[in-house]
Amino acid sequence: RQAVGKFRLVIDMTYCVYLDGTAGFLRVANSLKPNVAAPLNGAAAVRDTPRTSAGADQFGAIDVAASLDSGPTRIKLLTADQALFARNSEPGRNHWFLAHMCIVWLYQAWEVHYRSEIAQALGLHRNALKSPVFGDLRRLRHAILHNLGVATSDLEGTELLPAFAAGARSSSSL
């Protein structure tokens, strides 16, 4: 019971970090809304304001997205505010990066420490303790770390989490 309680705290802490992080991302994005106007005829209309906060982009960014459908590569110049807004808006890269890191952290905490401790408390061998959700997280972790967030065929057979088609890419792909 003590091992389960400790692991529950790790899960709760990770969830709170995710919620706090994404709430912070949205606050940043919402604070930039007045400075980032909607695109007009394909061109961005932006009023970029100087920022002095630590870690803030001081220069514009270049967003390069190559089409996997053998289409042309597009290069879009973004101002500092646009880049910061895009990363912090939902589902921006900051949201996806934090989600990926939470998945990796939870699976590793389970696999490296708590699975053995809980199995021992139950009088089981470590490998006899199975969890469908952590089996699914293992598959997600593998795609995140070894395939840059692109779904592998292993993700087509998840038990509890939604399945992903092999090769599926989304804004969550790094």
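Before reading on, note that the structure itself is shown above.
Residues numbered from 1 in each chain as written. Predicted model: local features only at pLDDT ≥ 70, side-chain atom pairs only at ≥ 80, totals over all residues. Heavy atoms only, no water.

### Topic: the packing of helix H1 (residues 2-32) against helix H2 (residues 80-88)
- In contact at an axis separation of 8 Å, H1 and H2 are set at 145° when each is read in the N-to-C sense. As H1 packs across H2, the resulting crossing turns out to be left-handed. Note on element contacts: H2 touches H1 through Asp81, Leu84, Phe85 and Asn88, opposite Phe25, Leu26, Val28, Ala29 and Leu32.
- Residue classes in the contact of H1 with H2 are distributed as seven nonpolar, one polar and one charged. (Axes fitted to C-alpha atoms, helices over the stretch in contact; angles between N-to-C directions. Helix = DSSP H or I, 4+ residues; strand = E, 2+ residues; numbered from the N terminus. Left-handed = near helix turned anticlockwise from the far one by under 90°. Contact = heavy atoms within 4.5 Å. Nonpolar A, V, L, I, M, F, W, Y, C, P; charged D, E, K, R; others polar.)

### With respect to the packing of aromatic side chains
- Taken as a whole, this structure holds four aromatic pairs when the rule is applied.
- Seen from their ring centres, tryptophan 110 and phenylalanine 134 are 4.7 Å apart, and the 10° between their planes marks the pair as stacked. One end of the pair, tryptophan 110, is in helix H3 (residues 93-121); the other, phenylalanine 134, is in helix H4 (residues 132-146), with 24 residues separating them in the sequence. The pair formed by tryptophan 110 and phenylalanine 134 is uniform in burial state, with each residue classed as buried. (Phe/Tyr/Trp six-rings, centres within 6.5 Å; stacked < 30°, edge-to-face > 60°. Buried < 20%, exposed > 50% of the residue type's maximum accessible area, 1.4 Å probe, protein only.)

### Describing unusual backbone geometry
- A cis geometry characterises the amide bond from glutamate 90 onward to proline 91, with omega recorded as 0°.
- Position of proline 91 among the secondary structure elements: in the loop between H2 and H3.
- Backbone geometry places leucine 148, a non-glycine residue, at a positive phi of 55°.
- Its location among the elements puts leucine 148 in the segment after H4.
- Classification of leucine 148 by relative accessible area gives exposed; the value is 56%.

### Focus: the environment of proline 162
- Turning to its location among the elements, proline 162 is positioned in the segment after H4.
- Relative accessible area serves as the criterion here: at 59%, proline 162 is assigned to the exposed category.
- In this structure, the C-alpha to C-alpha distance between proline 162 and aspartate 136, residues 26 residues apart in sequence, is 9.2 Å.

### Re the nonpolar core
- Formed by 20 residues in total, the largest nonpolar core has its most connected members in Phe7, Val10, Trp110, Tyr114, Ile118, Phe134 and Leu137.
- Of all the secondary structure elements, the ones that give two or more residues to this core are H1, H3 and H4.
- In terms of residues, this core owes the most to one element, H3, which gives nine residues. (Core = buried A, V, L, I, M, F, W, Y, C linked by side-chain atoms within 4.5 Å.)

Remember, this is a structural readout, not a statement about activity or role.
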